[in-house]
Amino acid sequence: MQLSTTLSRIVIGAALAAGAQAALAQQQLVPVQSEVQFTARQMGVPLEGQFKKFSAQVAFDPAKLATSKIAFTVDTGSATLGSRETDAELPKPAWFNVPKFPQAQFVSSSIKALGGGKFEVAGALTIKGNSQNVVVPVTLTQNGTTTTATGALPIKRLAFKIGENEWADTSMVADDVQVKFKLALTGIGKL
């Protein structure tokens, strides 16, 4: 009798664990409600751009931040500044070098709750094969079954070799770039 009760508990525990993993696996990015934008400055004038293609793999549990993970990938070839001439330059080796580095990626290493739906997500940002450790401030809001993650991350483009050779002159194109995101996610538990 004792053995069957123990076995039952193990089976139920395994089923609950599998159910929790399945719930995390069902966390999905809603691309049509999401956006990734960037602002750079050329000769002091702000240039607004965006990435049209990106994806996320999310396993986020607000009650278990130590085991939560986020991986975010951007297709660098989808970058646009809204001008045919500029957009033709972005994939070239001096900028994103899309043939050699078709994707930029962020992979989290830790997530820290700050309260009020605010979090700090630490991890490695890799662009053009160059990695930098960054801390991304993220605010989460929930509306029904959708959780929206918003935030902004300043980066130094030259640290990632974006705009090499003659474009490394920061009097033409500033080194500072602001990346802003709004990511709509489904399957996130109650905050």
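Residues numbered from 1 in each chain as written. Predicted model: local features only at pLDDT ≥ 70, side-chain atom pairs only at ≥ 80, totals over all residues. Heavy atoms only, no water.

## Things to note about the overall build of the protein
This is how it is decided: The numbering of helices and of strands both runs from the N terminus, where a helix is a DSSP run of H or I of at least 4 residues and a strand a run of E of at least 2. For the exposure calls, accessible area comes from a 1.4 Å probe over protein chains only, and a residue counts as buried if that area is under 20% of its type's maximum, exposed if over 50%, partly exposed in between. Throughout, a contact is declared for two residues whenever any of their heavy atoms are within 4.5 Å. Every accessible area reported is derived by Shrake-Rupley at a probe size of 1.4 Å, with residue values counting cover from the shown protein chains alone.
Each helix and strand in the protein was counted, giving 2 helices and 11 strands. Along its sequence from the N terminus, the protein presents helices and strands in the succession α-β-β-β-β-β-β-α-β-β-β-β-β. The 191 residues of the protein split such that 35% are buried. In the protein, of all internal contacts separated by at least 6 residues, the share reaching a separation of at least 24 is 58%. Roughly 11,200 Å² of accessible area belongs to the protein as shown, and the carbon and sulfur atoms make up 58% of that amount.

## Some remarks on the pairing of strand 7 (residues 103-115)
Strand residues, when the strand is regular, have side chains that alternate between the two faces of the sheet. The line we're drawing: The pairing criterion is simple: DSSP has to find at least two bridges between the two strands.
Pairing analysis gives 5 bridges linking strand 5 (residues 69-75) to strand 7, with the strands arranged antiparallel. The residue bridging Thr73 from the neighbouring strand is Gln105, located in strand 7. The antiparallel pairing of strand 7 with strand 8 (residues 118-127) creates a hairpin that spans 2 residues between the two strands, and Gly116 there sits at a positive phi of about 65°.

## Let's talk about unusual backbone geometry
Here Met43, not a glycine, exhibits a phi torsion of approximately 50°, which is positive. Locating Met43 in the fold gives a position in the loop between strand 2 (35-42) and strand 3 (45-51). Owing to a relative accessible area of 58%, Met43 belongs among the exposed residues under this scheme. Positive phi, close to 60°, is recorded for Lys161, a residue that is not glycine. Mapped onto the elements of the fold, Lys161 is located in the loop between strand 10 (146-156) and strand 11 (176-186).

## With respect to the pattern of salt bridges
Let me state the cut-off plainly: Basic side-chain nitrogens of Lys or Arg form a salt bridge, by our definition, when they fall within 4 Å of a carboxyl oxygen of Asp or Glu.
Scanning the entire structure with this criterion turns up 3 salt bridges. Close ionic contact of Glu89 with Lys92 constitutes a salt bridge, the shortest N to O distance being 3.0 Å. Glu89 gets classed as partly exposed once you look at its relative accessible area, which sits at 35%. Between Lys128 and Glu164 there is a salt bridge, and its shortest N-O distance comes to 2.7 Å. Placement of Lys128 in the loop between strand 8 and strand 9 (130-143) and of Glu164 in the loop between strand 10 and strand 11 is noted, with a sequence separation of 36 residues between them.

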